[in-house]
Amino acid sequence: MLSEVGGTNIDFRQLIDYSFNSILIVEQEGKIIYCNKAFVELLDFFSSNEVIQKNLFAFVSPEFHVLCKQQLKNVIEKQEIAGRGEKKMIRRDGALIDVELMVVPFNMEGKVLAQLIIQDISSRKAAEKRLTDQEQLASIGQIAAGIAHEVKNPLTAVKGFLQLYQEGHSHPYLTTMNAELDKALDTLKNLLQVSKPDLQDEPFVQINICKEIQSILFLFQDRLYSVEVEIDLKDSEKTIKGKKNLFIKAFYNLMTNALDAIEGEGNIKIEHYYKDGCNHIIISDTGIGIPEEKIHILGTPFFTSKSEGTGLGLTQVFTTVQEHGGNIAVQSVLGEGTTFHIQIPIT
């Protein structure tokens, strides 16, 4: 595909082959007759032979099929340009990725085809999601902190008068009331702590994640008699800079949740490795699992699947990870278990 520009022959096929954008040439029914190297890499294939002659819709999420068919028809029959739009494509391993796609007419040997110009925007979408999650947690935290302050003051007054009353009276109910008030005040204290993590004065220090994980496991020795713990800590020399006590509390909360999710015997696996500038920590359990429709609200104060839980433990985990520029993903299957995958960048 040579063309003369300013007296110089330019091989436009090479320009397309090595473009950063993924490019496809397809017929109206969707058959792919050309793909460049960027598209092969985008969907994690080994060569263009796995793509060419296949149908485009094998690589596009079904929810976008109707729209894509209409765009192909308009581009080829009316030679209209379909402007940029966000869609999802399917990688070789079945995972969905976010892309921005534009469709334009492509003339070849007197026949009008469609050229698809595709840009990977999965990193941008992930960053937008993290920002949205942080804004939601901040809003929830502000509301929760306001409620906690309003409730804590009268409860503290009630506890004070109850203690005065106990000095001249004795009754087992009074002891129970005092204990329950302590529980309520402790819950409010925890809520205030996790709702405004930025107000904590703890300094940033270098943290060896693997070392801290191993130390935390010793705190659960009395609960590991029926649970097998598998540890796979690679790249153990890698450190992060952050608030040490916050991370210790976060891993403690994750471990507590994993143990609480297991009824009877089970397994917990803890992994650590370094990749792409981040420490990856994965904690998996073979517990009861979490319903799919509930996963997206994990980390919200007072959402919990435990009969006596408050949900504040996971709120603390999410706020700690996000405060340090990290990301947390959750996968769960009811009756099989749950996996928390944390990524913390090295700063």
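Quick caveat, the model's predicted, so the values are computed rather than measured.

Focus: the pattern of salt bridges
So, point 1. Applying the stated criterion across every chain, the model contains 13 salt bridges.
So, point 2. Glu212 serves as the salt-bridge partner of Lys244, at 3.4 Å between the closest nitrogen and oxygen. Here Lys244, found in helix H7 (residues 244-261), pairs with Glu212, found in helix H6 (residues 209-217); they are 32 residues apart in sequence, far enough to count as distant.
So, point 3. Through salt bridges with shared partners, a single network forms among Glu86, Arg124 and Lys125.

Observations concerning the sheet that holds strand S14 (residues 337-345)
Strand-to-strand pairing in sheets goes through backbone hydrogen bonds, with the strands running parallel or antiparallel.
So, point 1. Strand order across the open sheet formed by 5 strands is S9-S11-S12-S14-S13, with mixed pairing between neighbours. The open sheet has two edge strands, strand S9 (227-233) and strand S13 (327-333), and neither has a second partner. Shown here is a sheet whose adjacent strand axes are inclined to one another by a mean of 10°, direction ignored.
So, point 2. Looking at chain direction, strand S11 (residues 266-275) and strand S12 (residues 278-285) are connected through 8 bridges and run antiparallel. The residue bridging Glu271 from the neighbouring strand is Ile282, located in S12.

Comments concerning the pairing of S11
So, point 1. Bridge analysis of S9 against S11 gives 7 bridges, and the strand direction is parallel. Of the residues in S11, the one forming a bridge with Glu230 is Lys269.
So, point 2. Following S11, the chain reverses through 2 residues before pairing antiparallel with S12; Asp276 in that reversal takes a positive phi of roughly 50°.

As for helix H3 (residues 65-78)
So, point 1. Along its 14 residues, H3 runs 19 Å from first to last C-alpha, staying within 8% of the 20 Å computed at 1.5 Å per residue.
So, point 2. Turning to H3, its buried residues number three or more, namely Cys68, Gln71, Leu72, Asn74, Val75 and Ile76.
So, point 3. Against the buried residues of H3 lie strand S3 (22-26), strand S5 (82-90), strand S6 (96-108) and strand S7 (111-120).
So, point 4. Once H3 ends, the next one or two residues include Gln79, with phi positive near 55°.

Focus: the packing of H6 against H7
So, point 1. Packing of H6 against H7 leaves a shortest axis separation of 10 Å and a crossing angle of 50°. Considered as vectors, H6 and H7 are oriented oblique to each other. In terms of crossing hand, the pair formed by H6 and H7 is right-handed. Contacts between H6 and H7 involve Ile209, Glu212, Ile213, Ile216 and Leu217 on the former and, on the latter, Lys244, Ile248, Phe251, Tyr252 and Met255.

Quick notes on the environment of Asp276
So, point 1. With respect to the helices, strands and loops of the structure, Asp276 is situated in the loop between S11 and S12.
So, point 2. Along the primary structure Asp276 and Pro345 are separated by 69 residues, whereas in three dimensions their C-alpha atoms are 8.7 Å apart.

Regarding the pairing of S14
So, point 1. Bridging between S12 and S14 involves 8 bridges; their strand directions are antiparallel. Across the sheet, the residue bridging to Cys278 is Pro345, located in S14.
So, point 2. Looking at chain direction, S13 and S14 are connected through 7 bridges and run antiparallel. Pairing of Asn327 across the sheet is with Gln343, part of S14.
So, point 3. If you look at the hairpin formed by S13 and S14, you'll find 3 residues sitting between the two strands, and Gly335 has a positive phi there, around 85°.

Basis of the calculations
- As a convention, each chain's residues are numbered from 1 in the sequence order in which they are written.
- The predicted nature of this model means local features are confined to residues of pLDDT at least 70 and side-chain atom pairs, given and counted, to a pLDDT of 80 or more, with totals for whole chains, interfaces and linings taken over all residues.
- In computing side-chain values, all of the structure's heavy atoms are included and hydrogens and water are not.
- Whenever Lys or Arg places a side-chain nitrogen within 4 Å of a carboxyl oxygen from Asp or Glu, that contact is recorded as a salt bridge.
- Strands are runs of DSSP state E lasting at least 2 residues, helices are runs of H or I lasting at least 4, and numbering of each runs from the N terminus.
- Strand pairing requires that DSSP identify at least two bridges connecting the strands.
- To obtain an axis, a line is fitted to C-alpha atoms, over the contacting stretch when the element is a helix, and the angle between two such axes runs from 0 to 180 degrees between their N-to-C directions.
- Multiplying 1.5 Å by the helix residue count minus one yields the expected span of that helix.
- Only protein chains enter the accessibility calculation, which uses a 1.4 Å probe. A residue is then buried if its area is under 20% of the maximum for its type, exposed if over 50%, and partly exposed in between.
- Any pair of residues with heavy atoms lying within 4.5 Å of one another is described as a contacting pair.
- An angle below 35 degrees is treated as roughly parallel, one above 145 as roughly antiparallel, one from 65 to 115 as roughly perpendicular, and anything else as oblique.
- By convention, the crossing between two helices is left-handed when the near helix turns anticlockwise from the far helix through less than a right angle, and right-handed when the turn is clockwise.

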